[in-house]
Amino acid sequence: MSEYHAEHADAWSGTADPAPAAEPSAPAPVTPADAADAARLVSFGLQPKLLPARDAEYAELLRRYREEPAFARLADAVATGLGLIVLEVSTRAGMAVTAGEDSVFAVRMGDYARRASSDSADRFLHGLAHLAVAAMAFPRPEDLADNGYIGRITVNGVDAFVRQACRRLEERAEEHGDNTDPATEAPGLEAGWRIYARRSATGATKDARRLAGSTTGIIGKAVAFLTDSGFLQRTGDDAGGAYRTTARYQLQVRDMAGGAAMAELLELGVVPVSDGTATLLPPPDADRPELAADEGLPFHA
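Given the structure is predicted, the values throughout are model-derived calculations rather than measurements.

Draft legend 1. Molecular detail of the environment of Arg-140. Position of Arg-140 relative to the elements: it lies in the loop between helix H6 (120-137) and helix H7 (141-145). Polar contacts involving the side chain of Arg-140 include one to the side chain of Asp-143, which spans 2.7 Å.

Draft legend 2. Quick peek at the side chain of Thr-246. As for its position among the elements, Thr-246 is in the loop between strand E5 (242-245) and helix H11 (247-256). At 2.9 Å, the side chain of Thr-246 and the backbone oxygen of Gly-230 are in polar contact. Setting aside residues up to four positions removed in sequence, Thr-246 forms contacts with Gly-230, Phe-231, Leu-232 and Gln-233.

Draft legend 3. A look at the layout of surface pockets. In this structure, the second largest pocket occupies an estimated 430 Å³ of space. Lining the second largest pocket are 20 residues, with Leu-51, Gln-233, Thr-245, Thr-246 and Ala-247 sitting closest to its centre. Where the lining of the second largest pocket is concerned, the elements lending two or more residues are strand E4 (232-236), E5 and H11. In terms of residue count, the dominant contributor to the lining of the second largest pocket is H11 (three residues). Within the lining of the second largest pocket, the residues separate by chemical class into seven nonpolar, eight polar and five charged.

Draft legend 4. Local environment of the nonpolar core. Counting residues in each nonpolar core, the largest one holds 34 residues, and the members touching the most others are Val-133, Ile-153, Val-158, Val-162, Val-223 and Tyr-249. Counting residues per element, the ones that place at least two in this core are H6, helix H8 (155-175), helix H9 (188-198), helix H10 (215-228) and H11. Here this core gets eleven residues from one element, more than from any other, and that element is H6. Excluding anything up to four places from it in sequence, Val-133 contacts Ile-153, Val-158, Val-223, Leu-226, Leu-232 and Tyr-249. Of all hydrophobic cores here, the second largest spans 18 residues; its members include Leu-62, Tyr-65, Leu-84 and Val-97.

Draft legend 5. A look at the pairing of E5. Summarising the sheet, strand E3 (residues 152-154) and E5 pair through three bridges and their orientation is antiparallel. Residue pairing across strands places Arg-152 opposite Arg-244, the latter belonging to E5. The turn linking E4 back onto E5 is made up of five residues, and Ala-239 within it adopts a positive phi angle of 50°.

Draft legend 6. Region of interest: the packing of helix H2 (residues 32-45) against helix H3 (residues 56-67). Close contact between H2 and H3 brings their axes to 10 Å; oriented N to C, the two are set at 115°. Considering their axes alone, H2 and H3 lie roughly perpendicular with respect to each other. Handedness of the crossing formed by H2 with H3: left-handed. The segment H2 lies against H3, with Asp-34, Asp-37, Arg-40, Leu-41, Phe-44 and Gly-45 engaging Glu-57, Tyr-58, Leu-61, Leu-62, Arg-64 and Tyr-65.

Draft legend 7. Geometry of the packing of aromatic side chains. Applying the stated criterion across every chain, the model contains four aromatic pairs. Ring geometry for Phe-44 versus Tyr-58: centroids 4.7 Å apart, planes at 20°, classification stacked. Highlighted residues: Phe-44 in helix H2 and Tyr-58 in helix H3, separated in sequence by 14 residues. Phe-44 gets classed as buried once you look at its relative accessible area, which sits at 2%. Centre to centre, the rings of Phe-231 and Tyr-249 are 5.9 Å apart; their planes meet at 35°, and the pair counts as tilted. Remark: Tyr-249 occurs in helix H11 and Phe-231 occurs in the loop between H10 and E4; sequence separation between them is 18 residues. Here Phe-231 and Tyr-249 have matching classes, each one buried. Sitting over the ring of Phe-71, Arg-64 keeps its end group 4.1 Å from the ring centre.

What counts and what doesn't
- Residues numbered from 1 in each chain as written.
- Predicted model: local features only at pLDDT ≥ 70, side-chain atom pairs only at ≥ 80, totals over all residues.
- Heavy atoms only, no water.
- Helix = DSSP H or I, 4+ residues; strand = E, 2+ residues; numbered from the N terminus.
- Polar contact = N/O pair within 3.5 Å; in protein donor to acceptor, adjacent residues only side chain to side chain.
- Contact = heavy atoms within 4.5 Å.
- 1 Å grid on protein atoms, 1.4 Å probe; cavity = no way out; pocket = protein on both sides within 12 Å on 5 of 7 lines; lining within 4 Å.
- Points joined across faces, edges and corners; volume = space filled by probe spheres on them.
- Nonpolar A, V, L, I, M, F, W, Y, C, P; charged D, E, K, R; others polar.
- Core = buried A, V, L, I, M, F, W, Y, C linked by side-chain atoms within 4.5 Å.
- Buried < 20%, exposed > 50% of the residue type's maximum accessible area, 1.4 Å probe, protein only.
- Pairing = 2+ DSSP bridges.
- Axes fitted to C-alpha atoms, helices over the stretch in contact; angles between N-to-C directions.
- Parallel < 35°, antiparallel > 145°, perpendicular 65-115°, else oblique.
- Left-handed = near helix turned anticlockwise from the far one by under 90°.
- Phe/Tyr/Trp six-rings, centres within 6.5 Å; stacked < 30°, edge-to-face > 60°.
- Lys NZ or Arg CZ within 6 Å of the ring centre and 35° of its normal.

Spelled out as structure tokens, the structure:
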């Protein structure tokens, strides 16, 4: 048999050396188009009212993020470069991002409060309004952990809740024999409950509109800001305005839930009611834990 026929006989009989295995293909290089798509996804995340279910391009980019690790890393890098923190990427929340302190996209809550009022007491009340809305919307840890939970609040319900908290704090001050203005190093709520308690709930203009400086006026401005930011959705006009939470707001409150001022308010005890009202639990018999002395409310210097 010739060498040619012998070589091919071995190949046909299966005795020839196997062909070398193909090397795994290298990942496709990132293209300028990929970078543009990643930036586009981040830009969608900066539009809090935009839902993936209502935008086919947004939904497709979310799919790529969830299914293509290289694209996800690219989008995360774009967000990081812009000073943004990715809270969640999902069909329910879209690309939910929050701005870091140094980001050009940061919503300066202090600036918001200063625009609302030049008075330091009013700035404190605006901070307390935002804190109370968050506490009422998600009063229990399990509410924050449950992605399907929807909180409901009303302007008048938030005001009534804070006033109950003020009464609780007044009782606590009397129990400690300290019914004068608290020391500056007192916790935020302890330092400020008198400011809220002394402020009119509504006030009135000649055409019966609530005054901007009243407590319900301040809460109304807070919930309007949260609605414009995609954190709340207005559901009706009952009780000064009724609202429901969004997935983005739940993520934001999760991010702030570890703050001492939030813990201080929740520690008083909140009982949620489905109609957007809330009340305080009876004081527990056991001594309540003390909070750090210098942990104040947002915007409060």
